[in-house]
Structure formats: C-alpha cells, structure tokens
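# Per-entry structural report
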Amino acid sequence: MSSLEKETVSNSRTLEPKRKLTLVDAIGSTLAQMAPAAAIYYGLPVIFLATGIGSPLTLLLSAVAIIIVGLSLTRFSAKHPSSGSLIKYIGMSFGGVTGTASSIVFIAGTVFLAASAFIELGGWTSDSLALYGIHIHWAIPTVVLGVLIWGLTIIGIDRSTKIASIALIIEVLVLLGVSVYILLDPPNGLSAKPFVPSSVTDGLAGVGLGFPLAIYLFIGFENSAALAEETQNPKRNVKRAVLVSIAIMTVFYLLVSYAVIAGFGNNNEELVKSSNPFMTLADRYLGDFSFLAVIAGFTSIVGMTIACLNGFSRIAFNSAREGLITVKLSAVSKWQTPAGALSLLSGLGIVFALLFGFAGDTWVTGFGYLGTIGTIPLLLIYALLNIAVIVYPNEELNVFQRYVLPVLGVISIALPIWAMIQPGQPKPVSYFPWIIFAIVLISLAYAWFRVKRDPSLPARVGAAAEPTGEYEAKASSV
C-alpha cells in the first residue's frame, strides 16, 4: 500500500449525525436548493422573453429532460448510496482519471454556483432594504450573511436543513397564495392557450432559447443524493426524494407560470414588458401586503444557499475522502459536518461573488455571469452520468432503461450546453466556454498525474460505494 493510500484511508471520515434526515427532510432540502421563488423572480422573466406565453410547454420539456437525468442518478443511488453522488457513480463507471477529473470540474462549477447564491442573497437584501429607505451596499450583506450561513451549515445537517425547509414553506405559501388569487380572478378569464405549441414565440427557435434557461430552474435536484450517508434508509429514500422533488417542482412551475400568464391576460406583449412579472402581479393583487413577496424572495435565497452548500460540500468531501483531491478537505466537525469542504466552498464562493459583482455593472450582472459559468460544468456532469448508466454493468436494467433513456438524457442536456457555448455570443459570455474548456483540460492533466502518483486510486474510485462505517473499518485495519 502506498503512503498516499495510507494517508487517504487513515484520514477517511464518515458523516454520522446524531439525527439522520427523514424522507421529508431530504425532499425539503432538495426543493430548497431549487429555490422556487428565486427561480420564478429571476428565471421566468427570461424564459418569457424567449418563449412568450407558451413558456409552460418549454418548462414541461425541461422537466422531462431532468426526470431522465434523475432516473439515471437513481439507478446508482438505489444500490450504492454515497455522499459522492454523481461523481462517485461516474468514477465507478469510467475509472480513476475520469472520476478524478470530473470531481475537479464539478467542484469548480459548484464554487461559481455558490458564489451566485451568495451574491443573490446580498443583492436581494440590499435592494429590498432600499425599498424602505435603508441603503446598504450589496457587498456588505453578501459577506455578513454568507459567513452566517456557513456557520449554520457547520453546526449540523439537521439544524440547517430545518431552517432551509422553514424558508421553503414560507416562500411556497406566498407563491401559491398569489397564484391561486390570480386564477380566481384573472383579467380575461382562463385559457388553454399557454399549452398550445403555436403560442411559443418563434416556435422551435424559441424553445431552443428558453430550454436551457428552464433546465437551470431545476439545478439542485440531485441534492438529496449527496446527503445519502446522513439520510435514513438511503437506498429507498434518496430515490424517492429525487423523483418526488422533480415532480413537485414541475407541477409548481407549471401552475405559477400559468397563473402569471393569466394575470397578464394571456397578452404576450404586456408579459414581456415586465422585468419581474410575478412581483408586478403581487403588487397588483396583494396591495399593501405585497411585502410578503419580498420576504418570500429572501427566504427562498436563504434556503437555496443553505441547501446548495450542504449538497455540494458532501460531494467535495467524498472526493477528498477517496484521495481524488487533498485529504485535508475531508475534515469533519464535531457536529459531523464536512467542515473542510464547507469552508472551501463558502470562502471561495464569497470571494468570487465580490469579484464578479464588482466586475459587472450591477450585482445582477455578476449573478448572471456566475450562474452561467457555474451551470456549464454541471450540465457536462449530468450528460456524463447518463453515459455512465450505459457503461456500468447492471444486469437488472432492460434495454429501454440502460440505453434509450440515457441517450435521450444526453440529447436533452446537449441542447442547453450548446445554447451556452455556441459562437456569436456577446462578451464576456463568449469567454465562458473557453474558461470551462481550460478547467476541463487542467482537471484531466491533474487527474492523470494524480493516478500516476497513486496507482491505487483507480481501484478506490472504481469501487462500489460502501455503506456508512466501512471507511472507519478500513482505517482501523491499517
């Protein structure tokens, strides 16, 4: 056994909280990371611009694509629950170099996405306070709230998940309340027009523009898979949490988007004029109580940031535990949380939030840049996971499950990837694909050298995910 392998095994950690997450907890954490209010406030307006009042159809297509990816993920998680989640399963299918490179690409993407969550939290707080005459630069709440949320995630998965779930309940109640209010009293009555293909602006071209944006609304569906080691009966509950969460958000997005379109009287011109259609309708229907929509936005971003750090840090933790990256990041706090990985994501996330925020014209511009550049690596990982289902030997799957669905998944993910990297985009967005390309090349080079230095790494990466406690058993045997 090499010295590096001994170091990896002896420094291995498991996540054993005093109270494990229930199925409801896992679903709540996953839904919180998808952040319905933030998605509706910032995502829907852009989708409306691309596909108009036919946007519900685009959302439905994106949901189908995500369900296929979710099924690919649960093929593995049902048999091999692991904090490594997507990266672990890719390593099991393709081996050491690809698994290690994927971990670096994924972590790079999650740093940018964590930064987008922090800057959105600070920016929303700053803008909301300005409505009431309190003016604070967005950078201050970005740092202060960022550090606070890092602390919350450190002191226990059950505590932070409960806070994220409470935040989720608040935002969902407000969003559903406004949506039902609109549907009970629409200006021009209800119509099936939003679900007619001819209602999509520019037809297939419009779908091509709106589809990747709609996919972005579902980012975070894999959250519960990364919490497998801290969840009760993970082989059953992780699969249920992933698929139930996608189903709930699909229905929710369809309902709210339909209500917003109905609130604008199915008038495409009026709909796209508003920079935030839902808030426009909240002001109109709630009057003096429209501040509830502002609170829903804040709780949504808080819940998303907590869930984002919880989910992403577990994958980085597992990569460190297996020696793919420095084992120092596998450090576990006294509350049984991955303190090393959480600190890395939080620290770099806050730094990148400030850098991109000051580089852009506004914090919103910085948020858009971070969200775009952070999503591309995750989409690449989603596509690779679908291919992993085909490559990994699993006699229990039929032809449809092993080949047809994963191929459809790759195709569905290829569309938003192409939309983000195709030539002719404005600067600096046109530079983003080259940044990701450079990250991929560096990750492959790093992975090759890592495997060269530690020949035992492919065996660890390719091994089936082990039940909780196996790592500690290995450590004691060394």
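Keep in mind the model is a prediction, meaning the values are calculated, not measured.

A few words on the packing of helix α2 (residues 23-34) against helix α8 (residues 157-184). Following both chains from N to C, one finds α2 and α8 inclined at 65°, their axes separated by 9 Å at the closest point. In the packing of α2 onto α8, the handedness of the crossing is left-handed. Contacts between α2 and α8 pair Asp25, Gly28, Ser29, Leu31 and Ala32 from the former with Thr161, Lys162, Ala164, Ser165 and Leu168 from the latter.

Attention now goes to helix α14 (residues 291-321). Between its first and last C-alpha atoms α14 spans 45 Å; for 31 residues at 1.5 Å apiece the expected length is 45 Å, and the two agree. When you tally the buried positions in α14, you get 27 out of 31 residues, the bulk of the element. Immediately beyond the C-terminal end of α14, within one or two residues, lies Gly323, with a positive phi of roughly 85°.

On to empty space enclosed by the protein. The rolling of a water-molecule-sized probe over the atoms marks out the regions of remaining empty space. This model, assessed by the stated rule, comprises 1 cavity of 30 Å³ or more. For the largest cavity, the calculated volume is near 60 Å³. As for the largest cavity, its lining consists of Arg75, Phe76, Lys79, His80, Val389, Tyr392, Asn394 and Leu397. Class assignment for the residues of the lining of the largest cavity results in 4 nonpolar, 2 polar and 2 charged.

Here we come to α2. For α2, which comprises 12 residues, the first-to-last C-alpha distance of 17 Å matches the rise-based estimate of 16 Å (1.5 Å per residue) to within 8%. Among the 12 residues of α2, 10 are classified as buried, and the element is accordingly described as predominantly covered. Three or more residues of α2 are buried, namely Asp25, Ala26, Ile27, Gly28, Ser29, Thr30, Leu31, Ala32, Gln33 and Met34. Residue Ala35 follows α2 closely and has a positive phi angle near 50°.

Turning to the confidence of the model for the chain, a few remarks are in order. When the pLDDT values of the chain are averaged, the result is 82; 92% of them are 70 or greater. By mean pLDDT, helix α20 (residues 470-477) is the weakest element of the chain at 37, and helix α7 (residues 139-154) is the strongest at 93. Taken as a whole, residues 467-478 scores under 50 in pLDDT and shows 18 contacts with residues more than four places along the chain or in a different chain.

A pair of packed helices is captured by two measures, namely the crossing angle of their axes and the spacing between those axes. Close contact between helix α3 (residues 36-51) and α14 brings their axes to 7 Å; oriented N to C, the two are set at 115°. By the angle between their axes, α3 is roughly perpendicular relative to α14. Classified by chirality, the crossing of α14 by α3 is left-handed. When α3 is examined against α14, the residues Pro36, Ala37, Ala38 and Tyr41 are found in contact with a partner set consisting of Ala293, Ala296, Gly297, Ser300 and Ile301. Looking at the contact of α3 with α14, its residues break down into 7 nonpolar, 2 polar and no charged.

Calculation rules
Residues numbered from 1 in each chain as written. Predicted model: local features only at pLDDT ≥ 70, side-chain atom pairs only at ≥ 80, totals over all residues. Heavy atoms only, no water. Axes fitted to C-alpha atoms, helices over the stretch in contact; angles between N-to-C directions. Helix = DSSP H or I, 4+ residues; strand = E, 2+ residues; numbered from the N terminus. Left-handed = near helix turned anticlockwise from the far one by under 90°. Contact = heavy atoms within 4.5 Å. Expected span 1.5 Å × (residues − 1). Buried < 20%, exposed > 50% of the residue type's maximum accessible area, 1.4 Å probe, protein only. 1 Å grid on protein atoms, 1.4 Å probe; cavity = no way out; pocket = protein on both sides within 12 Å on 5 of 7 lines; lining within 4 Å. Points joined across faces, edges and corners; volume = space filled by probe spheres on them. Nonpolar A, V, L, I, M, F, W, Y, C, P; charged D, E, K, R; others polar. pLDDT = per-residue confidence, 0-100. Parallel < 35°, antiparallel > 145°, perpendicular 65-115°, else oblique.

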